[in-house]
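Below are the chains, spelled out letter by letter.
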Amino acid sequence: MEQFRSKHKQTQSEWEAEMSKKVLEFVRSELYMDLRFLDIALGTLVYRADENIRSFATDGTYLYFSTEQVLRVFQGNPKYLDRAYLHSVLHCIFFHLWIGGKRDREKWNLACDIAVEYTIDQMVAPEVRGMSERAFFLLMEKVFSLPEVAALVSQATDQQESG
């Protein structure tokens, strides 16, 4: 019985951090079941809690998250976590973090988000549930090229600012 007693009593924040990582592991497993060909990409990002983050963020090495947000969203809308996790992974797959160059950062980020969300919409449609690797690469070919999306965002922003 002594072996089951912990010498350290877990604090509330330690428990929340542990549970939020378990939730993220569950989310990753769900995504893996539908998108097995993304197994390496889904497992690459290391979880790192950051209470200044509202959703998810990544630098290509870490998946930054708010423990409070992950636990709250998991209780109310767990499928949103699947989408947000996949969103961060796709930014890495598409090299969005590294190919922005000297483009306007705000417009570039918006263009990348449009491309990623379009891709997710195509991936999670009921008719492509469990999509194959080949189908994924065919989809990627159909996605707007980022310079085109960036040009559209820039044009729309310029029109809005001048009009």
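No experiment lies behind these values; they were computed from the predicted model shown. (Residues numbered from 1 in each chain as written. Predicted model: local features only at pLDDT ≥ 70, side-chain atom pairs only at ≥ 80, totals over all residues. Heavy atoms only, no water.)

Draft legend 1. Broad picture of the layout of surface pockets. For the largest pocket, the calculated volume is near 530 Å³. Taken together, 23 residues make up the lining of the largest pocket; nearest its centre are His87, His91, Leu97, Asn109 and Asp113. Elements supplying a minimum of two residues to the lining of the largest pocket: strand E2 (56-58), helix H4 (78-93) and helix H5 (105-123). Across the lining of the largest pocket, the residue classes break down as eight nonpolar, ten polar and five charged. (1 Å grid on protein atoms, 1.4 Å probe; cavity = no way out; pocket = protein on both sides within 12 Å on 5 of 7 lines; lining within 4 Å. Points joined across faces, edges and corners; volume = space filled by probe spheres on them. Helix = DSSP H or I, 4+ residues; strand = E, 2+ residues; numbered from the N terminus. Nonpolar A, V, L, I, M, F, W, Y, C, P; charged D, E, K, R; others polar.)

Draft legend 2. Structural detail: the pairing of strand E3 (residues 62-65). Judged from the four bridges that link them, strand E1 (residues 46-49) and E3 form a sheet pairing that is parallel. Its bridge partner being in E3, Val46 is matched across the sheet by Tyr62. Judged from the three bridges that link them, E2 and E3 form a sheet pairing that is antiparallel. Bridge pairing links Thr58 to Leu63 in E3. What sits between E2 and E3 in their antiparallel hairpin is a turn of three residues, with Gly60 showing a positive phi close to 95°. (Pairing = 2+ DSSP bridges.)

Draft legend 3. The arrangement of the packing of helix H3 (residues 67-76) against H4 in detail. Packing of H3 against H4 leaves a shortest axis separation of 5 Å and a crossing angle of 125°. Here H3 is positioned oblique relative to H4, judged by the angle of their axes. Between H3, through Val70, Val73, Phe74 and Gly76, and H4, the contact on the second element is made entirely by Pro78, Tyr80 and Leu81. Split into classes, the residues belonging to the contact of H3 with H4 amount to six nonpolar, one polar and no charged. (Axes fitted to C-alpha atoms, helices over the stretch in contact; angles between N-to-C directions. Parallel < 35°, antiparallel > 145°, perpendicular 65-115°, else oblique. Contact = heavy atoms within 4.5 Å.)

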